[in-house]
Amino acid sequence: MAARKLPPLNALRAFEATARLKSVSKAAVELSVTQSAVSHQVKALEDWVGFDLVRRQGRALTLTDPGERYYTAISGAFDQIDTATRRLIASDPRKGWLTVSMLPSFAAKWLVPRLPSFRAKFPEIDVWIATWWNFTDSSDLTAFSNSDVELAIIYGPGDWEDVVSTRFMTEELFPVCSPAYLAQTKLKEPKDLSRATLLHDEMKQDWRAWLKAANVSHIDPDRGPGFDDSALLYQAAIAGLGVALGRSALIKADLASGQLVAPFALKLKADLAYYLVSRPGTENFPKIKAFREWLIEEAGRDQASPAAPSP
């Protein structure tokens, strides 16, 4: 096999950054070197290949046709090196972040209050909570596979392809409201919800399912204000805006504190569950394995302890 024909790697790195950022000064900042050093390295690459790759016109910088073709050809390789390096670092519990994606409501109402115990057990692992990634319960998790996120907590059916998923928690659904709202509306039976304001999150179909289980058919399950985040939904219920359909995993602390109460005994088991999702081949990386085992332990402890009783 013939030896690889590789240019000086520092020169190649300087050219890639300059071409990607369209600026020698920005490339210098990214590479933590001087502008002169970047220009010198790019010139060294041009001397090595034998022709110009960058066209300089005053402060403006463009690529020559060969430079454009070369940058297009090598940029994908740099992306692959970047991804491989991030995954390599992720496999070492002593270095870097463990990036975990989840909905803001789950982060605020369930995970973050429990993170001190993970920190105490694994002080060498820095968890980065990412709530900006919109991974849904769709069967297509391409967005997850192509992201920098190492783990995702997803509420869904768990039938995703090309990922490793571990179910760690189920939940029950039941109406909740503030004690003051309960006293005001005098809710005794599910049929009394006809004189209450129903509050919704994006799972609006859940009210329909709970009312059906309660044999209540005279109430429109779609009426009432809505929120795109469950944490906001429960805050609205605490504020006395109406009755929310609570998820046992997310409202346990609010029930325990007395900010929310459950007027009725009926609890409906949710069809969906919470899953921890990782990429194939990474599930036994030390950081990922540690977080998964801790998460399963916390969820088991949480579901083993009963919620606060109804009034």
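Residues numbered from 1 in each chain as written. Predicted model: local features only at pLDDT ≥ 70, side-chain atom pairs only at ≥ 80, totals over all residues. Heavy atoms only, no water.

K.L.:
An account of the nonpolar core is needed here, citing residue identities and associated values.
P.N.:
Counting residues in hydrophobic clusters, the biggest one holds 61 residues, and the most contacted among them are Phe106, Leu193 and Phe291. Core analysis: the next-biggest nonpolar cluster, separate from the first, contains 19 residues, Phe15, Ala17, Leu31 and Leu53 among them. (Core = buried A, V, L, I, M, F, W, Y, C linked by side-chain atoms within 4.5 Å. Buried < 20%, exposed > 50% of the residue type's maximum accessible area, 1.4 Å probe, protein only.)

K.L.:
Would you mind going over the packing of aromatic side chains in detail, with residue names and values included?
P.N.:
Evaluated as defined, the whole model comprises 15 aromatic pairs. Judged by centre distance (5.2 Å) and plane angle (20°), the ring pair of phenylalanine 106 and tryptophan 110 falls under stacked. In this pair, phenylalanine 106 and tryptophan 110 are both assigned in helix H5 (residues 104-121), 4 residues apart and thus about one turn of the helix distant. For tryptophan 110, a relative accessible area of 0% gives the class buried. In textbook terms, an aromatic cluster arises when at least three aromatic residues are bridged by ring pairs, as seen for Phe106, Trp110, Tyr155, Phe168 and Tyr274. (Phe/Tyr/Trp six-rings, centres within 6.5 Å; stacked < 30°, edge-to-face > 60°. Helix = DSSP H or I, 4+ residues; strand = E, 2+ residues; numbered from the N terminus.)

K.L.:
Tell me about the environment of threonine 131, residues and numbers included.
P.N.:
Relative to the helices and strands, threonine 131 resides in the loop between strand S4 (126-130) and helix H6 (142-145). For the pair formed by threonine 131 and arginine 4, sequence separation is 127 residues and the distance between their alpha carbons is 43 Å. Among residues more than four places away in sequence, those in contact with threonine 131 are Met102, Leu103, Pro104 and Ala107. (Contact = heavy atoms within 4.5 Å.)

K.L.:
Got a sec to walk through the sheet that holds strand S10 (residues 268-269)? Specific residues and values, please.
P.N.:
Here we have 4 strands laid out as an open sheet, ordered S8-S9-S7-S10, and mixed in their pairing. In this open sheet, the two edge strands, each paired with only one partner strand, are strand S8 (198-199) and S10. As defined by bridge partners, strand S7 (residues 172-176) adjoins S10 across 2 bridges and the pair is classed as antiparallel. In the strand pairing of S10, leucine 173 is matched with leucine 268. Each of S7, S8, strand S9 (243-247) and S10 touches helix H8 (residues 205-213); the most contacted strand, S9, lies at about 90° to it. (Pairing = 2+ DSSP bridges. Axes fitted to C-alpha atoms, helices over the stretch in contact; angles between N-to-C directions.)

K.L.:
Give me empty space enclosed by the protein: which residues, what numbers.
P.N.:
Under the definition given, this model contains 1 cavity of 30 Å³ or more. Estimated volume of the largest cavity: approximately 60 Å³. Of all the secondary-structure elements, those providing two or more residues to the lining of the largest cavity are H8 and S9. Along the lines of polarity and charge, the residues of the lining of the largest cavity split into 6 nonpolar, 1 polar and 4 charged. (1 Å grid on protein atoms, 1.4 Å probe; cavity = no way out; pocket = protein on both sides within 12 Å on 5 of 7 lines; lining within 4 Å. Points joined across faces, edges and corners; volume = space filled by probe spheres on them. Nonpolar A, V, L, I, M, F, W, Y, C, P; charged D, E, K, R; others polar.)

By themselves, these are just geometric observations and shouldn't be taken as functional.
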